[in-house]
Each structure stands twice: as structure tokens, then as C-alpha cells.
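Structural overview
If you want the building blocks of each chain, they are given just below.
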Number of protein chains: 2
Amino acid sequence: MQNIDKKYTVITGASSGIGYATAIAFAKRNKNLIVIARREEQLALLKQKIADINPQLEVVIKVCDLSKSTNVHALFNQLDNYFIETWINNAGFGNYGSVGDQDLDKIETMLHLNIEALTIFSTLYTRKYQNQSGTQIINISSRGGYTIVPNAVTYCATKFYVNAFTEGLAHELKQIKAKLTAKVLAPAATQTEFGQKANNVTEYDYDKSFAKYHTADQMAEFLLALYDSDKTIGEINTKDFSFSLKDSIFPYSGDPKQNQKS
Amino acid sequence: MQNIDKKYTVITGASSGIGYATAIAFAKRNKNLIVIARREEQLALLKQKIADINPQLEVVIKVCDLSKSTNVHALFNQLDNYFIETWINNAGFGNYGSVGDQDLDKIETMLHLNIEALTIFSTLYTRKYQNQSGTQIINISSRGGYTIVPNAVTYCATKFYVNAFTEGLAHELKQIKAKLTAKVLAPAATQTEFGQKANNVTEYDYDKSFAKYHTADQMAEFLLALYDSDKTIGEINTKDFSFSLKDSIFPYSGDPKQNQKS
């Protein structure tokens, strides 16, 4: 690990939406960034925008399709010489439609991105950084990972995975008194490219589709509140769209020896 | 679809454990079987055992590694000429260990088997059979998919996926008045090869490791109780190891138009 004085925040899926807004928000906190997405042009625009905010910051662009696990491993290895203070797994997408009608090519890509890439990065980051002070891993999930939403069953299931995985990791890190903390952000409807991608359309009007929603900039502010807190979960209340911080939501059997003796 | 009079029950992971015991239990109900696993020898032994129970039954053996999604699609296509009355996704395995220490080759295979293969089969089966009377899809999951268990975080997360996916599918099928029903079995500790595989050992003593556990034969009986019921979930209470049937456990936002207007 080189140059420990210079620290970086990694954001996957930084080309748009919550990832893009989060990159801006962390730049305003004077954090050097490593931004990851498939679309190089969008990342170059982000880098330009950050240069306008603070020309001293370093912004490293990594163009990568994270739906292929070999790419995920290779990218983590490429970042070996950077000291990564915060790792934000934001890349992911949704799908609206019934299980029987869903396009399995899209669904398999969703599983690889929402679940597999997030698990590989979380594991490798935890292995390397769990004893480094001030480090955080933040997984961007969904309220749909605590409540099943009709017409989005498979997407919600991926987010149940992310919420259980991240809450479990947070418990585990506390139990072993690791210096790394793990957190999960659970947005409700947020105005991003999510609606287009989930509905397979090129235009999507959040005002027409949702009674209430947040903007990506609002969500990035909530993410910063989670980042600044010592809580594990930052979640949106789907009734009033208020934000709150929590220690845990899913049941946890706590004692590692509960039933298993060995 | 040919020969609709002759019906089959598909069981994945039928070479041992709950899958093997379930094959025997369905044979005793005089069900023709299609048994799937990697280990042909075990399936041949199972077929022999079923011939001793009822020589009239047909037992089709399919040797397949379901951790590769192309195999999963190909196998489903191979079964196109069979009328499949019940599809039981039982194949899967666990892993004990911390997230930071976990072997990612094993974890990626677990994600492919526990999540991806189950999702592909569930989707294809739902698409083809949702309007066929008397059909059922039963996913074998875990109590660890409702309560996070220390030292088994990633495994539990895969089972949170399975439980949310299957509960969601069950709601969806009811909503569209489909003839197919979807159900999930959530065992606690069950004496199978699970312990060996999850601990990466060749011998595993359930008496030494667990205060309480079920046998695979007991679990197959619970599965039959779930099969015979109109409930969605068959779950083991982890305190007293009793079995109960439930309509749902995870929250469900019910109305498809709740917040999303379109």
C-alpha cells in the first residue's frame, strides 16, 4: 500500500444518478475520487465538473463493465496502489415486470451487477482495509430491499440480498472490532436513469410516475449524513419520504454459537 | 407440450440431503421424477431405490452443473416435452466464515447456484406453467433467509434473496389469478452434506455441532406438508424446531400502484 497520505473515495456507477451526485458531494468535501462506470464520456464530464469545484482534487477514471466478474477482480487489483478511504458500491439497476415475463438476459446482468460485483468488491475491500482507521464501505441499496414491491419482485430480491449482506457485514465488523465500518443506504423513488432502465424506455417522467420522489442531489446529501454518522442504515420512509438513520432492521441471531455448537 | 397425462416432479440437487429425501417422499406419492445433480452415480442409486418402492414410476436422470447459467437454460429446454407438475429448486450450498476471509471462487459459485439458477428455472417454469392447474414451484431456502446468522452472512444474504423472490412471486401469481402456486421451505439445521460443504471438511458431526437439528427425511415430510397446503411458507422455528405454515413473512407493499403512478 503506497502513499497512505493521499486518500481516495471509490464510487461505482458514477456516470449518472446517485453515483454522479455522490461524486460531486464528496468532491465538495475535498475527497480525491476514483470513479467507475462503462460510459467514459460521462465520467470525463464529471471530472471536468469536479475540476471547476476544486482543481486540486485528483479524479481517476476507470471505464469498466462490472457485470462481468473477471472485470471486477481485475479492477480491484488495478487499484492496489491507491489508499481507498471509502468504497461506495452504487452501480446497479432495476426491472419492472412480472417474473414470468421478465427478460432473463437483463435479469442475469442485474444479478451480476447488483449482487455479484457488490459482493466481490465488498469482500476484497474488507479483506484489505478492515484494520485501517476511518475506512467505510457504503452499499447503495433500496427500500425495496426491506419491503417487496409488486411488479419489481426480482429487483427487490437483489436488494434484500444487499441489505442482509451489508447489515450482516456491519455486525461482523463490530464483533471483531474492525476499524472498517459497513453501511447501507436504502432510497425510495429517486429521480435518476433508474426509471428508464427499469422500464426499458428512453424517456421517463418521475412527476407523472410518482406522487413523491427525491432528486439524486438530495440522496447524495442523505448519503453524506449516513457517512458522517455511526449508524449502519440510512433509509427513506416510503410514507412521508423522510430520512432516518438506524442500527439494524433485519433480525440478527447475534451470538455466533447460538445453535451451532462448533 | 406432449403427453399431458404423464406428469413429473423435478428436483434439483437430488443426489443427497433434502433433495434425495424429497425424491423418495414424492416417489411414495407415486410421482414420476426428473432428478438433477452433478453426481450421476448418486442419482443412479436413487433411481434404484425408487424402483424398489414402485417399479412403475419413471425416474429421469439429468446430470448437470447448475452453477453455469448456460447449462440451466439448456436443461430447461431439454425438458420441454415433459409435463412438469411440480418444480423443486433444492440445489444450493452454504459457507461458514467471515466476509473478509471468504473464498470468492466458492462464493461466486454459491451465488450462481443459490440465486441465479433458481431465478432462471423459476422464471422459465412460471412463464410456461402459470396457467396449468395443480402446478407448484417450491424453492428450498433457509431460516437464515429471515434472520442473519453470524459467520454465515453471505449465505444468509442468498437466502434473503430466495425468500423475498419466492414470497414476491407467490403474491404476484395470486394477484394475476394464476393456477401455479409458489412456495418456499425454510429449514433450520438439517443433517445433510450441508455441514461438510459449508465448513470445507470431509466429515461433519451434527450431534457435536448442533443442540438440535432435523434429518433430511423429517424435512422432506415438512416439504410434503407445505406441498399439500395452500400456504406459501413452511418454516422451522429456530427456538423449538417446530414446523409451521405461513402466508407471508416479509412486508409487501400490496397495491401495485402504491407510490408509482404508472
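Up top is the structure.
Notes on the structure follow. (Residues numbered from 1 in each chain as written. Chains lettered and ligands numbered in written order. Predicted model: local features only at pLDDT ≥ 70, side-chain atom pairs only at ≥ 80, totals over all residues. Heavy atoms only, no water.)

**Description of the overall build of chain A**
Formally: Strands here mean DSSP runs of E at least two residues long; helices mean DSSP runs of H or I at least four residues long; both are numbered from the N terminus. Here the globule rule reads 2.2 Å times residues to the power 0.38, and the radius of gyration is calculated from C-alpha atoms. Think of it in three bands: residues with accessible area under 20% of the maximum for their type are buried, residues over 50% are exposed, and the middle band is partly exposed, with areas taken using a 1.4 Å probe on protein chains only. Contacts between residues were defined by any pair of non-hydrogen atoms, one from each residue, lying within 4.5 Å. For accessible areas, the Shrake-Rupley method is used with a probe of radius 1.4 Å. Any residue's cover is judged against the shown protein chains and nothing else. Charge counting follows a simple rule: Lys and Arg are positive, Asp and Glu are negative, and His as well as the terminal groups are ignored. Think of each charge as sitting on NZ of Lys, CZ of Arg, CG of Asp or CD of Glu.
Looking only at helices and strands, chain A features 8 helices and 10 strands. In terms of C-alpha radius of gyration, chain A reaches 18 Å, essentially the compact-globule figure of 18 Å for 262 residues. With respect to the three principal axes, the spread of C-alpha positions in chain A is 55 × 50 × 35 Å. Within chain A, the proportion of its 262 residues that are buried is 59%. The contacts of chain A with a sequence gap of at least 6 include a subset with a gap of at least 24, amounting to 68%. Here chain A displays about 10600 Å² of accessible surface, and carbon together with sulfur accounts for 45% of that area. The averaged location of the 27 negative side-chain charges in chain A is 6 Å from the averaged location of its 28 positive side-chain charges.

**Quick look at the side chain of T158 of chain A**
How we decide: For this analysis, a polar contact is any N or O atom pair within 3.5 Å, provided that within protein one partner can donate a hydrogen and the other can accept it, and provided that sequence-adjacent residues contribute only side-chain to side-chain pairs.
In this fold, T158 of chain A is placed in helix α5 (residues 153-175). The class of T158 of chain A is buried, set by a relative accessible area of 0%. From its side chain, T158 of chain A meets the backbone oxygen of Y155 of chain A in a polar contact 2.6 Å long. Ignoring any residue separated from it by four or fewer positions in sequence, one finds T158 of chain A in contact with M110, L111, N114 and I115 of chain A together with Y161 of chain B.

**Some thoughts on helix α1 (residues 17-28) of chain B**
Note on helix geometry: an α-helix contains 3.6 residues per turn, so any two residues three or four positions apart are oriented the same way. Residue and element names in this part refer to chain B. Rule in force here: What a helix is expected to span follows from its residue count: subtract one and scale by 1.5 Å.
With 12 residues, α1 should reach 16 Å at 1.5 Å per residue; the first-to-last C-alpha distance of 17 Å fits that figure. Burial of α1 is extensive: 10 of the 12 residues sit out of reach of the surface. Within α1, burial applies to G17, I18, G19, A21, T22, A23, I24, A25, F26 and A27. If you follow the buried residues of α1, they end up packed against β1 (7-12), β2 (32-37), α2 (40-53), β4 (83-89), β7 (190-191) and α8 (216-228).

**Remarks on the sheet that holds strand β9 (residues 233-236) of chain B**
Residues and elements named next belong to chain B. Put simply, the test is: By this definition, two strands are paired if DSSP reports at least two bridges between them. Axis angles are defined between N-to-C directions and span 0 to 180 degrees, where every axis is a line fitted to C-alpha atoms and, for a helix, only to the segment in contact.
One open sheet accounts for 8 strands, arranged β3-β2-β1-β4-β5-β6-β9-β10; its pairing is mixed. If you trace the sheet from one side to the other, it starts and ends with β3 (59-63) and β10 (243-246), each paired once. Pairs of neighbouring strands in the sheet enclose a mean axial angle of 20 degrees, with direction left out of account. Its contacts with the sheet place helix α4 (residues 104-129) against β1, β4 and β5 (136-140), and it is angled at close to 155 degrees to β4.

**Overview of the nonpolar core**
Let me state the cut-off plainly: Residues grouped as a nonpolar core are buried Ala, Val, Leu, Ile, Met, Phe, Trp, Tyr and Cys residues, joined through side-chain atoms within 4.5 Å.
Ranked by internal contacts, the top residues of the largest apolar core, which has 102 residues, are L66, W87 and Y161 of chain A together with L66, W87 and Y161 of chain B. For L66 of chain A, the contacting residues outside a window of four places in its chain are T12, I36, V72, L75, A91, H112, L113, A117 and F121 of chain A.

**Remarks on the environment of D103 of chain B**
Residue and element names in this part refer to chain B. Within the secondary structure, D103 sits in the loop between β4 and α4. For D103, a relative accessible area of 45% puts it in the partly exposed group. Within the structure, the side chain of D103 is placed 2.9 Å from the backbone nitrogen of D105, a separation counted as a polar contact.

**A few points about the sheet that holds strand β1 (residues 7-12) of chain A**
Residue and element names in this part refer to chain A. Pairing in this open sheet of 8 strands is mixed, and the strands run β3-β2-β1-β4-β5-β6-β9-β10 from one edge to the other. The two strands at the open ends of the sheet, each matched to only one other strand, are β3 (59-63) and β10 (243-246). With direction set aside, neighbouring strand axes in the sheet form an average angle of 20 degrees. As defined by bridge partners, β1 adjoins strand β4 (residues 83-89) across 5 bridges and the pair is classed as parallel. From the neighbouring strand, Y8 faces β4, where its bridge partner is I84.

**Examining the packing of helix α1 (residues 17-28) of chain A against helix α8 (residues 216-228) of chain A**
Residues and elements named next belong to chain A. This is how it is decided: Note that the term roughly parallel is reserved for angles under 35 degrees, roughly antiparallel for angles over 145, roughly perpendicular for angles of 65 to 115, and oblique for everything else. Crossings are sorted by hand: turned counterclockwise from the far helix by less than a right angle, the near helix makes the crossing left-handed, and turned clockwise it makes it right-handed.
With their axes 8 Å apart at the nearest point, α1 and α8 run at an angle of 60 degrees to one another. One finds that α1 runs oblique with respect to α8. Relative to α8, α1 is oriented so that their crossing is right-handed. Across the interface between the two elements, G17, I18, A21, T22, A25 and F26 of α1 pack against A216, D217, M219, A220, L223, L224 and Y227 of α8.

**Points about the packing of α4 of chain B against helix α5 (residues 153-175) of chain B**
Residue and element names in this part refer to chain B. Quick note on the threshold: Put simply, Ala, Val, Leu, Ile, Met, Phe, Trp, Tyr, Cys and Pro go in the nonpolar bin, Asp, Glu, Lys and Arg in the charged bin, and everything else, Gly too, in the polar bin.
Two numbers describe how α4 lies on α5: the axes approach to 10 Å, and their chain directions differ by 10 degrees. With respect to their mutual orientation, α4 and α5 come out roughly parallel. Residues I107, M110, L111, N114, I115, L118, T119, S122 and T126 of α4 form the contact with α5, whose own contacting residues are T154, Y155, T158, K159, Y161, V162, F165, L169 and L173. Here the contact of α4 with α5 is built from residues that sort into 11 nonpolar, 6 polar and 1 charged.

**Some words on the relation of the copies chain B and chain A**
How we decide: Superposition of the copies was done by least squares, using only C-alpha atoms of residues whose pLDDT is at least 70 in both.
Between chain B and chain A, the superposition needs a rotation of 180 degrees and an axial shift of 0.0 Å, giving an RMSD of 0.0 Å. Those values place the two copies in the arrangement expected of a two-fold rotation axis. Judged by C-alpha distance, Y161 of chain B is the residue of chain B that lies nearest the rotation axis, at 2.5 Å. Interface overlap between copies is the fraction of interface residues in one copy that are interface residues in the other; for chain B against chain A it reaches 100%, indicating a shared surface.

**With respect to the interface of chain B and chain A**
Our working definition: We define buried area as the total accessible area lost by two parts upon association, computed with a 1.4 Å probe and summed across both. By definition here, a salt bridge exists when the distance from a side-chain nitrogen of Lys or Arg to a carboxyl oxygen of Asp or Glu is within 4 Å.
Across the contact, 62 residues belong to chain B and 62 residues belong to chain A. Both sides together, the interface formed by chain B and chain A hides about 4900 Å², and carbon and sulfur atoms give 61% of it. At the surface where chain B touches chain A, the tally comes to 0 salt bridges. Secondary-structure elements contributing two or more residues to the side of chain B that touches chain A are α3 (69-78), α4, α5 and α7 (206-209) of chain B. Residue classes in the side of chain B that touches chain A are distributed as 28 nonpolar, 23 polar and 11 charged.

**Details of unusual backbone geometry**
Of all residues except glycine, most have a negative phi; of all peptide bonds, most are trans. Even without a glycine there, the phi angle at N30 of chain A is positive, about 65 degrees. Here N30 of chain A lies in the loop between α1 and β2 (32-37). At N151 of chain B, a position not held by glycine, the phi torsion is positive, near 70 degrees. Along the chain, N151 of chain B falls in the loop between β5 and α5.

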